[in-house]
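# Working through the structure, step by step
Here are the chains, one letter per residue:
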There are 2 protein chains.
Amino acid sequence: MNNIKEYISQNKERILNELFGLIRIPTVSGSADHVDDMQKAAIYLKENLLNSGADKVEIYQTEGAPIVYGEKKINESLQTVMIYGHYDVMPAGNKPGSTEGWDSPPFEPEIRNEKIYARGADDDKGQVFIQLKAFEYLAKTNQLNCNVKFILEGEEETGSDSIAVFCNQYKEMLKADIILVSDTGIIAQDTPSITVGLRGIAYMQVEVQGPNHDLHSGIYGGAVANPANVLTKMIAALFDENNHIAIPGFYDDVLVISHEERVEMAKAPYDEQKYCEALGIKSTYGEKGYSTLERTGIRPSLDINGIWSGFTQEGTKTVLPEKASAKISMRLVPNQQPDKIAKLFEDFLLSIAPKGVTVKVKYLHGGEPYVAPSEMIAYRAASKAYEKTFNKIPVPTRSGGSIPIISLFEKVLGTKSILMGFGLESDAIHAPNENFSLFNLFIGIETIAWFYQYYAEEMNK
Amino acid sequence: MNNIKEYISQNKERILNELFGLIRIPTVSGSADHVDDMQKAAIYLKENLLNSGADKVEIYQTEGAPIVYGEKKINESLQTVMIYGHYDVMPAGNKPGSTEGWDSPPFEPEIRNEKIYARGADDDKGQVFIQLKAFEYLAKTNQLNCNVKFILEGEEETGSDSIAVFCNQYKEMLKADIILVSDTGIIAQDTPSITVGLRGIAYMQVEVQGPNHDLHSGIYGGAVANPANVLTKMIAALFDENNHIAIPGFYDDVLVISHEERVEMAKAPYDEQKYCEALGIKSTYGEKGYSTLERTGIRPSLDINGIWSGFTQEGTKTVLPEKASAKISMRLVPNQQPDKIAKLFEDFLLSIAPKGVTVKVKYLHGGEPYVAPSEMIAYRAASKAYEKTFNKIPVPTRSGGSIPIISLFEKVLGTKSILMGFGLESDAIHAPNENFSLFNLFIGIETIAWFYQYYAEEMNK
């Protein structure tokens, strides 16, 4: 293990070229325009896995994007680590083909200030490469002390539907002692952390249909329900005056976190002023009675991800639109169930819809929340690995994000996941100018390699 | 006057061809892409006016679209009728270049079922042609018994800014006894009506800026004010539970209509079931305590004309958008002042904006409400003209729409307007498949010709 730094240093250029090759394939999740790109990316990853030292790699076709499964077996009696990652990415912008806000083309990686700028640079192509190259190092230098499996999917950003089916189908093949995932972040470059909690998600679409065509807002305004007015009113009714979510039953299953744990959470490094400055806002905003870290870590949330209706060009058009739509997602915490929450959301909106309109609610995708206790063997190994490379014991944190498949792995395969991410808050994932620092990429490879070492030690104690 | 039917019948094809030529120029209001089309349309109208019998026609350039002014002087001692109309049109769709919902190209007129289908077929190119061809008939047959002026503008759909300046500049030139306007409708083909009231308008744009870039809705959701959530909440606060507008001071200047007048209004033919059926809605919806005709005729209203934020494509994107925007217009009734209302609207929204966002309110355009009493000489003449051609006394009605320039004419020129429109509710103005019935076009020409006759008689009584 002592030559890992040297190995990375000697292979830097090749590793970057390999990663850039993957980034250049615009694997935009769930888009009909990118079906071929998903196939290309799967083939690219298959070849990379084989070159990195996998014995066997298969591409499994699904109803959506293909799944790449690879493995290297050392010895049946040894423990097995399964790496999960995803090669699909968010769209570059909010409108088809838009690259608004990007300083360089989203699918042409560019290095500026020691950072890679591109869609997927961090989430999750960059982090998948951390796993691939740590594995490569161990395999090539004959230091691999466990069996390794890889499962790489292309539907993470749109709900991981196909991999859920796949897990049920190939339970035996996917057996492992631990699932290792690099799809989260650390608090800062000088403050490593391990994500011990992820929120779940229920992603909804609401459509309000009013009249059968756009109307003149003068001739009809005031007498015909305006679907956009109605939609804003219904969405406003989802919150009370304290920014609690007002859907009846919404909080019924929320795990109440003890006072002690909240005190512990409050010790995590957090600077409200810096947080606001980085986002260009004057103040945070949220549920009364909770801190920022609690609002994203242990409390559910509800956000409009998109809303649209009527005339949206420059100038004025006096139209009473026939239809208004919104995409709304809720982040869930233990023990909320996305299907139940989706139903409560739908029932509530339908119950408050006025009779002049027709309201349709669609449940686009869901994922359960996840908790990885710090008592786990894998947590101890991960903690030692971060300490080795960062010279600092990592802080356990709860992320506000969701990786729906993680809780499904636990349910279907009975296997826990350890979340060893290397992203930073400033990486702008899901946003324009997504980036990933070269420092984090390479220290990530190093840290993951050490994880294997410590995991084997801990398992054989 | 007895050969008017014959004249129309002999010139039908030519009249339609001339109108179609104007429709084919896509004079979309306020669009930078159509600046040249405005010039083309002005030249087209100048030529048509000269061919129709005007002595003198001038095109006046403005900061916006050109104004076409034409006149025919018969005798200084005779009364003068000034015709106002507009050659600009609404965009075909809600998105640039979109023709969604149209069954034929919006700027290529097509006759189906005895109706002209095209943007501007009714509003207002078709109705401008009613005026042009009634004038042509009288001029060509030497039956014109008054002086005639024409003032045709290209900014009606975006607030008539330039013509307001023009009126102040050319007060002398624009002197007239009455302004005659065809830019409204009748109740039904068998129920002629004259519009005696128009609502005013204040058209606003609201922008809510949150963080300086789109955020991941998981990592930040719950802790950072979501501009789309905030915007929906602020818009919802514009109404109370009875659908009264909740902006403080909003109703202060609203003219209260007497019980007697409301009883009179209730006699106008109106069938709630047919109204709903035509719009494909189950029920009307609006301010508590008022009927549908009252809600659009004597009460102000507030409608979202457009709203947009975040991710609006197919699929899912877990984004907390940096910005949310809405176009909102209010229809005003006597004696509400648009500038005052715009200020109240802005003040209220700014007062309720939470501190996590920055709210900007822009006042895009305004127009005052207008009332044309049925005691006017011109009203009597108009009533006789409709009775002559429709065999039925027209009903006085209040339209929910706005023609901002009409109240300005009264203020600046001191001249009242008479609104002799021929549109139908089914004409889908401002919407896809706008249309204008050939019957209404030709009976309109006939009715306007009779108006001149009766107006002269009434004036010389």
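Notes on the structure in this doc start here.

## A look at the sheet that holds strand 18 (residues 435-437) of chain A
Residue and element names in this part refer to chain A. Here we have three strands laid out as an open sheet, ordered 4-5-18, and antiparallel in their pairing. Sheet topology places strand 4 (110-112) and strand 18 at the edges, where each strand pairs with a single neighbour. Mean inter-strand twist for the sheet, computed between neighbouring axes without regard to direction, equals 30°. Summarising the sheet, strand 4 and strand 5 (residues 115-117) pair through three bridges and their orientation is antiparallel. Looking at strand 5, one finds that arginine 112 is bridged to lysine 115. Helix 12 (residues 438-459) contacts strand 4, strand 5 and strand 18 of the sheet and is inclined by roughly 60° relative to strand 18.

## Here's the deal with the sheet that holds strand 11 (residues 301-310) of chain B
The sheet built from eight strands is open, its strands ordered 14(A)-9(A)-13(A)-11(A)-11(B)-13(B)-9(B)-14(B) with antiparallel pairing. This sheet does not close on itself; its edge strands, each paired only once, are strand 14 (358-367) of chain A together with strand 14 (358-367) of chain B. Taken over all neighbouring pairs, the strand axes of this sheet differ in orientation by 20° on average, direction set aside. In the sheet, strand 11 (residues 301-310) of chain A pairs with strand 11 of chain B via five bridges, with the strands oriented antiparallel. What sits directly across from isoleucine 307 of chain A, in strand 11 of chain B, is serine 309 of chain B. With respect to the sheet, helix 6 (residues 227-236) of chain B is in contact with strand 11 of chain A together with strand 9 (200-209), strand 11, strand 13 (323-332) and strand 14 of chain B, its orientation differing from that of strand 13 of chain B by roughly 15°.

## Comments concerning the relation of the copies chain A and chain B
Turning chain A through 180° and shifting it by 0.0 Å along the axis lays it on chain B, with an RMSD of 0.1 Å. Here the symmetry operator amounts to a two-fold rotation axis. Looking at chain A, 100% of its interface residues are interface residues in chain B too, so the copies touch through the same face.

## Quick word on the state of the cysteines
All names here are of chain B. Scanning the model with the defined rule gives zero disulfides over all chains in all. Unpaired in terms of disulfides, cysteine 146 finds its nearest cysteine sulfur in cysteine 167, a separation of 19 Å. Under the relative-accessibility criterion, cysteine 146 is labelled buried at 1%.

## Some thoughts on the environment of leucine 408 of chain A
Residue and element names in this part refer to chain A. Turning to its location among the elements, leucine 408 is positioned in helix 11 (residues 404-413). Leucine 408 sits 245 residues away from isoleucine 163 along the chain, and the two C-alpha atoms are 9.6 Å apart. With sequence-adjacent residues up to four places away left out, leucine 408 is seen in contact with Ala164, Cys167 and Leu413.

## Notes on the interface of chain A and chain B
On the chain B side, the residues contacting the 89 residues of chain A number 90 residues. At the boundary of chain A with chain B, total buried surface from both sides reaches about 7600 Å², with 53% on carbon and sulfur atoms. At the junction of chain A and chain B, the tally comes to zero salt bridges. At the boundary of chain A with chain B, the tally comes to 43 residue pairs in polar contact (both at pLDDT 80 or more). Tallying contributions element by element places strand 11 of chain A first for the side of chain A that touches chain B, with ten residues.

## Regarding unusual backbone geometry
Omega for the bond connecting proline 334 of chain A with asparagine 335 of chain A falls within 30 degrees of zero, at 0°, which places this linkage in the cis form. Within the secondary structure, asparagine 335 of chain A is located in the loop between strand 13 (323-332) and helix 9 (338-352). For the bond running from aspartate 123 of chain B to aspartate 124 of chain B, omega is 0°, close enough to zero to count as cis. By the secondary structure assignment, aspartate 124 of chain B is in the loop between strand 5 (115-117) and helix 3 (125-140). Phi at asparagine 243 of chain B is positive, roughly 60°, even though this residue is not glycine. On the basis of relative accessibility, which here comes to 16%, the residue asparagine 243 of chain B falls in the buried class.

## Section: the pattern of salt bridges
On inspection of all chains with the given rule, the structure shows 48 salt bridges over all chains. In this structure, the salt-bridge partner of arginine 14 of chain B is glutamate 136 of chain B, at a minimum N-O distance of 2.6 Å. Taken together, the positions of arginine 14 of chain B in helix 1 (residues 4-23) and glutamate 136 of chain B in helix 3 put the pair 122 residues apart, joining distant regions of the chain. Residue classification places arginine 14 of chain B among the partly exposed positions, given a relative accessible area of 30%. Among the residues examined, glutamate 136 of chain B registers a relative accessible area of 1% and is labelled buried. The partner of lysine 133 of chain B in a salt bridge is glutamate 18 of chain B, and the shortest N-O contact between them spans 2.6 Å. Taken as a pair, lysine 133 of chain B in helix 3 and glutamate 18 of chain B in helix 1 lie far apart in primary sequence, 115 residues in all. The pair lysine 133 of chain B / glutamate 18 of chain B is uniform in exposure class, with both members buried. Each of the salt bridges in this network shares a partner with another, and the network as a whole consists of Arg14, Glu18, Lys133 and Glu136 of chain A.

## Let's talk about the environment of threonine 312 of chain B
If you trace the backbone, threonine 312 of chain B turns up in the loop between strand 11 and strand 12 (319-320). Judged by relative accessible area, threonine 312 of chain B falls into the partly exposed class, the value being 26%. As for threonine 312 of chain B and glutamate 172 of chain B, which are separated by 140 residues in sequence, their C-alpha atoms are 52 Å apart. Those residues within four positions of threonine 312 of chain B in sequence are excluded, and the remaining contacts are Asn94, Ile307, Trp308 and Lys327 of chain A.

## As for the packing of aromatic side chains
What describes a pair of aromatic rings is the distance from one ring centre to the other and the angle between the planes of the rings. For the coordinates displayed, the defined rule picks out 28 aromatic pairs over all chains. With 5.2 Å between their ring centres and 80° between their planes, phenylalanine 250 of chain B and tyrosine 251 of chain B make a pair best called edge-to-face. Seen from their ring centres, phenylalanine 451 of chain B and tyrosine 452 of chain B are 6.3 Å apart, and the 70° between their planes marks the pair as edge-to-face. Exposure class is identical for phenylalanine 451 of chain B and tyrosine 452 of chain B. Each is buried. Grouped by ring-pair contacts, the aromatic residues Tyr60, Phe166 and Tyr170 of chain A constitute a single cluster.

Quick notes on the rules
- All chains use their own residue numbering, which begins from 1 and follows the written sequence.
- By the order in which they are written, chains take letters starting at A while ligands take numbers starting at 1.
- Note on the predicted model: pLDDT of at least 70 is required for a residue's local features to be given, and 80 or more for side-chain atom pairs to be given and counted; whole-chain, interface and lining totals, by contrast, use all residues.
- Based on all heavy atoms of the structure, the side-chain values leave hydrogens and waters out of the count.
- Pairing between strands requires that DSSP locate at least two bridges from one strand to the other.
- Counting from the N terminus, the helices are DSSP H or I runs at least four residues long and the strands are E runs at least two residues long.
- Interaxial angles span 0 to 180 degrees and are taken between N-to-C directions of axes, which are lines fitted to C-alpha atoms, for helices over the stretch in contact.
- Between two residues, a contact is recorded if the distance between any of their heavy atoms is within 4.5 Å.
- Residues below a pLDDT of 70 in either copy are left out; the C-alpha atoms of the rest, at least 70 in both, set the least-squares superposition of the copies.
- Disulfides are defined in this document as cysteine sulfur pairs within 2.5 Å.
- Throughout this description, buried means an accessible area under 20% of the type-specific maximum (1.4 Å probe, protein chains only), exposed means over 50%, and partly exposed covers the range between.
- Summed over both partners, the accessible surface that disappears when two parts come together, traced with a 1.4 Å probe, is what is meant by buried area.
- We count a salt bridge whenever a side-chain nitrogen from Lys or Arg sits within 4 Å of a carboxyl oxygen from Asp or Glu.
- Here a polar contact is recorded for every N or O atom pair within 3.5 Å, except that within protein the pair must consist of a potential hydrogen donor and a potential acceptor, and residues adjacent in sequence are included only if both atoms are side-chain atoms.
- Only Phe, Tyr and Trp rings are paired, with Trp represented by its six-membered ring, and only when their centres lie within 6.5 Å; those with planes under 30 degrees apart are stacked, over 60 edge-to-face, the remainder tilted.

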